[in-house]
Amino acid sequence: MKIGISCHATTGGSGIVATELGLALARRGHEIHFVTMEPPFRLPHYEPNIFAHSVDTINYPLFKLPPYSIALSSKIAEVAQEYDIQLWHAHYAIPNAVAALLGRSMLPAEKRFCLITTLHGTDITLVGSHPSFYRATQYAMESSCAVTAVSDWLSRETEREFDLKEPVRTIYNFLDPTRFHTRKINRPTLARGDEKIIMHLSNFRPVKRVTDVIRVFKRILDDVSARLIMVGEGPERLSAAGVARQLGVEDRISYLGNCANVEDLLPCADLIIQPSEHESFGLVPLEAMASEVPVIATNSGGVTEVVVHGKTGYLCEVGDIESMAEYARAILTQPELRTALGQAGRKRALEKFSVDLIVDQYEHLYEEVRARRADVMEKKHSPEPW
Ligand code: GMT
């Protein structure tokens, strides 16, 4: 099958999932065309069956900001027509799904592709529900051949918030279990042998509550010798550093910035703390589980479908620093508890969220949508019912 994929190319989870999906589909023999602002963050330079098309924009003085969404829709139309793409998969509603719809309408009727939209979370909870984007997001979902979301929580929230007639289908995020391993190869470079390693990975946006990580860490240090490794970049990085200074723990923290091979960092951690306001899925908790690392996350959103409280980690209420610190101390001071949680995490990651299992579900959906398109084309419905 020829499949177009548009996604955000930066370090966020939606772009990572879209890239990994494209790579897995290409390995199964599909021809994949990425259309993005720049080559996606985790896309290798060359892979058979993968084509990476970048969107060009111009910075004309009349525009306050370059109109990227228009350029994106134009590029989608160009690529779809040139390569005869019948199926487009947009990850993140704004602008990717909306731009794909605009691109589709630029094509002659017989060349129009079916659009599948995958929702990742903030495209609904923060961006899509904003009055400036609500109608566009709703239109994108209503005009897609199928809409998927990365957790049941997000599927139900979307149906409720946007009053959709068609149900949103859940297809969970996934990872490649051969990529995520348990070897602590980088441990000596991250902390002293007598220090436990606490890790946090994110894009340091306000929703991630990174200053909570610092506050939990401060309490952990009362009982345990430890180092905090912060991975990622983003707007809350300075606030985190400020709180660390106030609490006098800045010397115990390392900021590594963005890192593409997180699979070689995660196994070095004794514990991951992800205290987000909400997570529609929580790719980092899943990647940590696959690396046999216990997770402390919040009892909020779809991450509760990933982390099992008391079995693969602990779920605390948002902002409940004391409980997070208490669970962290238990994990760090009881090696058998840490091992049990870690092993249960990897088992769950492999059984429920492995690449083969989830890519099968996307492939079935593509087949279903393609068959529907063929039927419509044959009967020459006009206008197309999607
Ligand atoms: O978390 C972010 O700010 C990035 C965002 C994205 O779109 O890249 O992440 C969302 O999508 C990920 C992949 O599906 C999910 O694992 C994250 O839970 C979700 N983030 C939130 O819901 C806050």
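Residues numbered from 1 in each chain as written. Predicted model: local features only at pLDDT ≥ 70, side-chain atom pairs only at ≥ 80, totals over all residues. Heavy atoms only, no water.

1. Remarks on the overall build of the chain
Logical step 1: Within the chain, the secondary structure is distributed over 13 helices and 13 strands.
Logical step 2: For 386 residues, the compact-globule estimate of 2.2 N^0.38 gives 21 Å, and the chain sits close to it at 22 Å.
Logical step 3: Across the 386 residues that make up the chain, the buried fraction comes to 56%.
Logical step 4: When contacts within the chain are restricted to residue pairs at least 6 apart in sequence, those whose partners lie at least 24 apart make up 69%.
Logical step 5: Side chains of the chain carry 42 positive and 49 negative charges; the gap between the two charge centres is 1 Å. (Helix = DSSP H or I, 4+ residues; strand = E, 2+ residues; numbered from the N terminus. Rg over C-alpha atoms; globule rule 2.2 N^0.38 Å. Buried < 20%, exposed > 50% of the residue type's maximum accessible area, 1.4 Å probe, protein only. Contact = heavy atoms within 4.5 Å. Lys, Arg positive; Asp, Glu negative; His and termini not counted. Charge placed at Lys NZ, Arg CZ, Asp CG, Glu CD.)

2. Some thoughts on the pairing of strand S6 (residues 146–149)
Logical step 1: Along S6, one buried face is formed by Ala-146 and Thr-148 and the opposite face, lined by Val-147 and Ala-149, is buried too.
Logical step 2: The parallel pair S6 and strand S7 (residues 169–170) is bridged by helix H6 (residues 152–162), and the resulting crossover is right-handed. (Right-handed = clockwise from strand over helix to strand, strands pointing away.)

3. Considering the sheet that holds strand S1 (residues 2–6)
Logical step 1: An order of S3-S2-S1-S4-S5-S6-S7 is seen for the 7 strands of this open sheet, with the pairing classed as parallel. Looking at the sheet topology across the chains shown, the edges are occupied by strand S3 (50–54) and S7.
Logical step 2: Across the sheet, helix H1 (residues 13–27) is in contact with S1, strand S2 (31–36), S3 and strand S4 (87–91); its angle to S2 comes to roughly 155°. (Pairing = 2+ DSSP bridges. Axes fitted to C-alpha atoms, helices over the stretch in contact; angles between N-to-C directions.)

4. With respect to the domain arrangement of the chain
Logical step 1: Domain annotation for the chain reports domain 1 (2–174 + 355–380) and domain 2 (187–352).
Logical step 2: When each unit is reduced to the centre of its C-alpha atoms, the spacing between domain 1 and domain 2 is 31 Å.
Logical step 3: Taken residue by residue, the interface counts 20 residues in domain 1 and 15 residues in domain 2.
Logical step 4: A buried area of about 1400 Å², summed over both sides, lies between domain 1 and domain 2, and 63% of it is on carbon and sulfur atoms.
Logical step 5: On the surface where domain 1 and domain 2 come into contact, there are 0 salt bridges.
Logical step 6: The interface formed by domain 1 and domain 2 holds 5 residue pairs in polar contact (both at pLDDT 80 or more) in total.
Logical step 7: Among the elements of the structure, H1, helix H4 (122–128), H6 and helix H13 (355–379) are those that each provide at least two residues to the side of domain 1 that touches domain 2.
Logical step 8: Residue classes in the side of domain 1 that touches domain 2 are distributed as 11 nonpolar, 7 polar and 2 charged. (Domains from an automatic or database assignment. Buried area = accessible area lost by both parts, 1.4 Å probe. Salt bridge = Lys/Arg side-chain N within 4 Å of Asp/Glu carboxyl O. Polar contact = N/O pair within 3.5 Å; in protein donor to acceptor, adjacent residues only side chain to side chain. Nonpolar A, V, L, I, M, F, W, Y, C, P; charged D, E, K, R; others polar.)

5. Considerations on a nonpolar patch on the surface
Logical step 1: Residues Ile-58, Tyr-60, Leu-62 and Phe-63 make up a contiguous nonpolar surface patch of about 460 Å² in total accessible area.
Logical step 2: By the secondary structure assignment, Leu-62 is in the loop between S3 and helix H2 (68–83).
Logical step 3: By relative accessible area, Leu-62 is classed as exposed at 71%. (Patch = residues over 30% accessible without salt bridge, like charges linked within 9 Å, V, L, I, M, F, W, Y side chains within 5 Å. Areas by Shrake-Rupley, 256 points an atom, 1.4 Å probe, with all protein chains shown as cover.)

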